[in-house]
Amino acid sequence: MPPTEPLAEYERKRDFTKTSEPRGRGRKSGSLFVIQKHAATALHYDFRLESDGVLLSWAVPKGPSTDPRDKRLAMRVEDHPVSYADFEGVIPKGEYGGGQVIVWDMGTYRPLEDVPMAEQLRKGHVKVWLEGQKVRGGYSLRRWGKDKRGREKWLLVKIDDETADRRRNPTSTQPESVLTGRTIEDLKREP
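Conventions and cut-offs
Residues numbered from 1 in each chain as written. Predicted model: local features only at pLDDT ≥ 70, side-chain atom pairs only at ≥ 80, totals over all residues. Heavy atoms only, no water. Helix = DSSP H or I, 4+ residues; strand = E, 2+ residues; numbered from the N terminus. Rg over C-alpha atoms; globule rule 2.2 N^0.38 Å. Buried < 20%, exposed > 50% of the residue type's maximum accessible area, 1.4 Å probe, protein only. Contact = heavy atoms within 4.5 Å. Pairing = 2+ DSSP bridges. Core = buried A, V, L, I, M, F, W, Y, C linked by side-chain atoms within 4.5 Å. 1 Å grid on protein atoms, 1.4 Å probe; cavity = no way out; pocket = protein on both sides within 12 Å on 5 of 7 lines; lining within 4 Å. Points joined across faces, edges and corners; volume = space filled by probe spheres on them. Polar contact = N/O pair within 3.5 Å; in protein donor to acceptor, adjacent residues only side chain to side chain. Phe/Tyr/Trp six-rings, centres within 6.5 Å; stacked < 30°, edge-to-face > 60°. Lys NZ or Arg CZ within 6 Å of the ring centre and 35° of its normal.

Student: Before we move on, can you summarise the overall build of the protein with the specific residues and values?
Tutor: Along the protein, the regular secondary structure elements total 4 helices and 9 strands. Put simply, the protein runs from its N terminus to its C terminus through helices and strands in the order α-β-β-β-β-β-β-α-β-β-β-α-α. A globule of 191 residues ought to have a C-alpha radius of gyration of about 16 Å, and the protein, at 16 Å, matches this closely. With 191 residues in all, the protein has 49% of them scored as buried. In the protein, the proportion of contacts linking residues at least 24 apart, taken out of those at least 6 apart, comes to 56%.

Student: Lay out the pairing of strand S4 (residues 71-81) with the relevant residues and their values.
Tutor: Most of S4 is tucked away, with 8 of its 11 residues classed as buried. The pairing of S4 with strand S9 (residues 152-158) spans 5 bridges and is antiparallel. Opposite Met75, over in S9, you have Lys153 as the bridge partner.

Student: Hey, could you go over the nonpolar core for me, with residue numbers and the actual values?
Tutor: By size, the foremost hydrophobic cluster in this structure holds 36 residues, and its most contacted members are Phe47, Leu49, Trp58, Leu130 and Leu141. Elements with a contribution of two residues or more to this core: strand S1 (32-39), strand S2 (43-51), strand S3 (54-60), strand S6 (99-111), helix H2 (117-123), strand S7 (125-132), strand S8 (136-146) and S9. Once residues within four sequence positions are removed from consideration, Leu141 is found in contact with Phe47, Leu49, Trp58, Ala74, Gly124, His125, Val126, Trp154, Leu155 and Leu156.

Student: Which residues make up the layout of surface pockets, and what values do they have?
Tutor: Space inside the largest pocket adds up to approximately 690 Å³. As for the largest pocket, its lining consists of 27 residues, of which His44, Ala59, Val77, Glu78 and Tyr96 are closest to the centre. When contributions to the lining of the largest pocket are tallied by element, the ones reaching two or more residues are S2 and S4. Ranked by residue count, the leading element in the lining of the largest pocket is S4, at 6 residues.

Student: A description of the pairing of S9 should follow, citing residues and the corresponding values.
Tutor: Side chains on a regular strand alternate between the two faces of the sheet. With respect to burial, S9 is a largely interior element, 5 of its 7 residues being buried. Two strands pair when backbone bridges link them, and S8 and S9 are joined in this way by 7 bridges, in the antiparallel orientation. Across the sheet, residue Tyr139 finds its bridge partner in S9, namely Lys158. Between the end of S8 and the start of S9, which pair antiparallel, lie 5 residues, with Gly150 showing a positive phi angle near 90 degrees.

Student: Help me get a handle on the side chain of Arg72, residues and values and all.
Tutor: Along the chain, Arg72 falls in strand S4. At 2.9 Å, the side chain of Arg72 and the backbone oxygen of Lys62 are in polar contact.

Student: Any details on the packing of aromatic side chains? Residues and values, ideally.
Tutor: Using the criterion set out here, one finds 4 aromatic pairs in the structure. Between the aromatic rings of Trp58 and Trp154, the centroid separation amounts to 5.6 Å while the plane-to-plane angle is 75 degrees, which identifies the pairing as edge-to-face. Highlighted residues: Trp58 in strand S3 and Trp154 in strand S9, separated in sequence by 96 residues. A single burial state applies to Trp58 and to Trp154, both of which are buried. Seen from the ring of Trp58, Arg76 lies directly overhead, with NZ or CZ sitting 5.0 Å from the centre.

Student: Run through the side chain of Asp67, naming residues and quoting values.
Tutor: Along the polypeptide, Asp67 turns up in the loop between S3 and S4. A polar contact of 2.7 Å, which involves the side chain of Asp67, links it to the side chain of Arg69. Residues contacting Asp67, with those up to four places away along its chain left out, are Lys158, Asp165 and Arg166.

See below:
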């Protein structure tokens, strides 16, 4: 079956006979966010916002910060199916994104601007309020250019609100999955 829009790129990059990642189907709530910790070629965090039946996705090498002074690189990657939100496991070596994946944080979000998400993306500035287990409050994503391969570069920044915390660093102090309690290291040790 040929890939269907808007998940064509997601499906094109994966061999579903080899990976247990979900295909382009799943639930639809409209306000889900998830941050997955992913030990692929390099460790990073995948920041995802549900919109129009898909998970809009950015790869954030250092993960989200609770400190508004930190500006985190966020590379726009292909949209993922909403069913990917609770995916944990190991993507086989040699497959696209090969490595361990856990659901590091999950919750709901709401837009901070009365502008449709598609319009925010087009303009290159997304502002949301996250209600997660590890990260909460306002976050801004702002597009600031493209890399040499033409991929969009964005910045993920914590908005300076009542939830900001310059001392807390959940990416280092809370490494476990919010779904299973497992860590990336636990998955590496499993057969």
